Amino acid sequence: MQEIKLELTKNPKEKPADQSKLGFGRIFTDHMYVMDYHEGQGWHDPKIIPYQPISLEPSAMVFHYAQEMFEGLKAYHTPDGRVLLFRPDRNIQRAENSCKRLCIPPVPQDDFLNALKTLVRVEKDWIPTTPGTSLYIRPFIIATDESLGVHPSHSYKFIIILSPSGAYYASGLNPVKIWIEDDYVRAVRGGIGEAKAGGNYAASLKAQVKGEAGGYAQVLWLDGVERKYIEEVGSMNIFFKIAGKVVTPQLNGSILPGVTRATCLDLCRSWGMEVEERRVSVEELVAAARDGSLEECWGSGTAAVISPVGTLRYENDVMEISGGGIGPVSQRLYDTVTGIQTGKLEDAHGWTVEVK
Ligand code: COI
C-alpha cells in the first residue's frame, strides 16, 4: 500500500450552519484525494490536497469519449462519536468491475480503502450530524491522455471528493412519483449498464427531463431490447412487494448492482420474507396495481437510501401505491439500514467499517 502525502489547506471553509438545508452534492469539503496513473508506472503519487480545480488539456480523452467511472458511498457519525463507512468493500469491488469494463486500470483495493479512510479522517468535522444527513463520498477516475484517437487512455486520474449531504430527493422520505419510460432506453445487455459510468447517466437525461416536466421525480427504465421488463430507476434500484413477496429485477448485465439493493435483499431474507430476484414485466406490474396485489414499491441507493414510491405512471395508467404513503417494509428497511449505518442499531452482519 502506498503512503499518502498530506497537504492541508491554510484557508478552511466555513461549514454549513443549517444542516437541514444541505440538499445533495452541492457543498464540498476542504480537501480532495488525487492519485495518478501512467502506463509503465502504474498508480502512483497518492496525495490529499486542498479542494481545487483540476487542469486538463482540451484534448484529454475523458472529454471526448467519456472513459470515466465513479462510485458513491457515505460516511456517518455515530451518537458515541465514531465515524463509520458502510460496506466499502462492495463499492471497491464494483469500482474494479466498472474499471475492467471501461478498460481503465483498477486502483489496488488496499490503496482505495486507505484513500477513503484517510480522506474521511482528515475531513471528519465535515460529517453532518442531523438525522438523515451524512458525508457523501464521490470517487471517480478520468482518462487524461491528450489524444483524439478512439482507444483506451494510457494515463488517468483517480480523485475523491466529499460532500456533506441531506436527502437526495427534495421530498425527503416522502414517497416519490416515478415515470416508467416507454420510449428512450438507458442500457442494453452487453453495453455498460452494469458499470457505474458517467455515460449511463448522460444517456438518462433526455427521459429524466421529460419525466420532470410531467411532475415525476425519476424515470424507471425498461429493458433495452423488448422494452417490457423493469430494470432500474435513474439513481436507484427498484423493489416491489407483490402479494406478500419482495420482488426485484434480477441482475442481467444492464442493471447496476447496487450496494443498498444487496443490503435490502440480505435484510428481507434475514427477516424470513419471501424474496424473488427475477424478471418483472411492466404488464405484471400494471395488473398487480389493478388487482390490489402491488402492496409496496421502493427504490434503494446510496444517495437515495430507501425511497418509497407512491405513484408509478406507465402510458395511460397512473398507479397509486400504499395509498401514496410509506409502506411498512420500506419504513422498516429505512429504519434498519440507517440505524446500522449510523451505529444506532447493532451491526450483526459486520457491514460497517470504523474510520479511526
Ligand atoms: C449513488 O447513489 O451513490 C449514486 O451514485 C446515484 C447518483 C447518480 C446520485
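The preceding data block contains the structure.
Residue positions are given per chain, counted from 1 along the sequence in the order it is written. For this predicted model, a pLDDT threshold of at least 70 governs which residues receive local features, and a threshold of 80 or more governs which side-chain atom pairs are given and counted, while totals over whole chains, interfaces and linings are taken from all residues. In computing side-chain properties, one takes all heavy atoms of the structure into account and sets aside hydrogens as well as water.

Draft legend 1. Summary view of the site of the ligand. Any residue with a heavy atom lying within 4 Å of a molecule or strand is counted as near it. Around the ligand sit Phe24, Phe70, Gly72, Tyr136, Arg138, Tyr168, Lys196, Tyr201, Ser235, Thr302 and Ala303, and those are all the residues in its vicinity. Thr302 places a main-chain nitrogen or oxygen 3.3 Å from an oxygen atom of the ligand. Accessible areas in this description were obtained via Shrake-Rupley with a 1.4 Å probe; residue shielding takes into account the shown protein chains only. For the ligand, whose accessible area on its own is 280 Å², the fraction buried by protein is 91%. Looking at the shell around the ligand residue by residue, the classes come out as six nonpolar, three polar and two charged. Definition of a polar contact: a pair of N or O atoms within 3.5 Å, with one able to donate and the other able to accept a hydrogen when the atoms are protein atoms, and with sequence-neighbouring residues admitted only if both atoms are side-chain atoms. Following the grouping adopted for this structure description, the nonpolar residues are Ala, Val, Leu, Ile, Met, Phe, Trp, Tyr, Cys and Pro, the charged ones are Asp, Glu, Lys and Arg, and the polar ones are all others, Gly among them.

Draft legend 2. Up close: the nonpolar core. The biggest cluster of nonpolar side chains holds 36 residues, and the ones touching the most others in it are Tyr33, Ile137, Ile141, Phe158 and Ile160. Looking at this core, the elements with two or more residues in it are strand E2 (31-38), strand E3 (42-50), strand E5 (73-77), strand E6 (83-86), helix H2 (88-101), helix H3 (109-122), strand E7 (134-143) and strand E8 (155-165). Contacts were defined at the residue level, with two residues in contact if any of their heavy atoms lie within 4.5 Å. Not counting residues up to four positions away in its chain, the partners in contact with Phe158 are Tyr33, Val34, Met35, Trp43, Val107, Phe112, Pro139, Phe140 and Ile141. In terms of nonpolar packing, the next biggest core, distinct from the first, is built from 26 residues, Val176, Ala288, Leu294 and Tyr314 among them. What we call a nonpolar core is a set of buried Ala, Val, Leu, Ile, Met, Phe, Trp, Tyr and Cys residues that are connected through their side-chain atoms within 4.5 Å. Burial status follows relative accessibility: with a 1.4 Å probe on protein chains alone, a residue under 20% of its type maximum counts as buried, one over 50% as exposed, and anything between as partly exposed. Elements are defined by DSSP. Helices are runs of H or I of four residues or more, strands are runs of E of two residues or more, and each kind is numbered from the N terminus.

Draft legend 3. Region of the structure containing helix H5 (residues 259-270). One less than the number of residues in a helix, times 1.5 Å, gives the span that helix is expected to have. Under the 1.5 Å per step criterion, the end-to-end length of H5 is 16 Å for twelve residues, consistent within 8% with the ideal 16 Å. Across the twelve residues that make up H5, a large majority, nine, are buried. Listed in full, the buried residues belonging to H5 are Val259, Thr260, Arg261, Ala262, Thr263, Cys264, Leu265, Leu267 and Cys268.

Draft legend 4. Structural context of the packing of aromatic side chains. Pairing of aromatic side chains requires ring centres within 6.5 Å, counting the rings of Phe and Tyr and the six-membered ring of Trp. Pairs whose planes differ by under 30 degrees are stacked, by over 60 edge-to-face, and all others tilted. Applying the stated criterion across every chain, the model contains twelve aromatic pairs. When the centroid spacing of 6.3 Å and the interplanar angle of 75 degrees are considered together, the rings of Trp43 and Phe158 count as edge-to-face. Of the two residues, Trp43 sits in strand E3 while Phe158 sits in strand E8, which places them 115 residues apart along the sequence. Within the aromatic cluster, the residues linked to one another by ring pairs are Tyr33, Tyr37, Trp43, Phe112, Tyr156 and Phe158. The ring of Trp271 carries Arg332 above its face, with NZ or CZ at 3.8 Å from the centroid. Lysine and arginine charges are scored as sitting over a ring when NZ or CZ, respectively, is within 6 Å of the ring centre and within 35 degrees of the ring normal.

Draft legend 5. Region of interest: the side chain of Glu296. Within the secondary structure layout, Glu296 lies in strand E15 (residues 294-301). For the buried Glu296, which has no salt bridge, the nearest side chain bearing the opposite charge is Lys241, at an N-O separation of 4.7 Å. Here the side chain of Glu296 touches Val329 through a polar contact of 2.9 Å, landing on its backbone nitrogen. At 2.6 Å, the side chain of Glu296 forms a polar contact with the side chain of Ser330. Here Glu296 is in contact with Phe239, Phe240, Lys241, Ile321, Ser322, Gly327, Pro328, Val329 and Ser330, once residues within four sequence places are set aside. Counted as positive: Lys and Arg. Counted as negative: Asp and Glu. His and the chain ends are not counted at all. A pair is scored as a salt bridge if a Lys or Arg side-chain nitrogen falls within 4 Å of a carboxyl oxygen belonging to Asp or Glu.

Draft legend 6. Looking closely at helix H7 (residues 328-341). Across its 14 residues, H7 extends 20 Å between first and last C-alpha, which sits within 8% of the 20 Å expected from 1.5 Å per residue. Counting buried positions along H7 gives ten out of 14 residues, so the element sits mostly inside the fold. Here H7 has its buried residues at Val329, Ser330, Leu333, Tyr334, Thr336, Val337, Thr338, Gly339, Ile340 and Gln341.

Draft legend 7. Up close: the packing of H5 against H7. Here an axis means a line fitted to C-alpha atoms, over the contact stretch when the element is a helix, while the angle between two N-to-C directions is reported on a 0 to 180 degree scale. Following both chains from N to C, one finds H5 and H7 inclined at 110 degrees, their axes separated by 11 Å at the closest point. In terms of orientation, H5 lies roughly perpendicular with respect to H7. Facing H5, whose interface residues are Thr263, Cys264, Leu267 and Cys268, H7 presents Val329, Leu333, Thr336 and Val337. Angles are sorted into four bins: roughly parallel if under 35 degrees, roughly antiparallel if over 145, roughly perpendicular if 65 to 115, and oblique for all others.

Draft legend 8. Looking closely at unusual backbone geometry. One non-glycine residue, Asp45, lies in positive phi territory at about 55 degrees. With respect to the helices and strands, Asp45 occurs in strand E3.

Draft legend 9. Broad picture of the environment of Glu212. Its location among the elements puts Glu212 in helix H4 (residues 198-213). As a C-alpha pair, Glu212 and Trp179 span 33 residues in sequence and 8.6 Å in three-dimensional space. For Glu212, the side chain forms a polar contact with the side chain of Gln208, separated by 2.6 Å.

Draft legend 10. Structural detail: the pairing of strand E9 (residues 176-180). Across the five residues of E9, four count as buried, placing the element largely inside the fold. Where E9 lies against strand E16 (residues 305-314), four bridges are found, and the strand directions are parallel. Directly across from Trp179, in E16, lies its bridge partner Arg313. Of the strand pairs in this sheet, E9 and strand E10 (residues 218-222) are connected by three bridges, and their pairing is parallel. By the bridge assignment, Ile180 is partnered in E10 with Leu220. Consider the strands pointing away from the viewer: the crossover is right-handed when the path from the first strand over the helix to the second runs clockwise. Where the polypeptide runs from E9 across H4 and back to E10, its parallel neighbour, the crossover connection is right-handed. One requirement defines pairing of two strands: DSSP has to find at least two bridges between them.

Geometric values such as these leave the question of function open.
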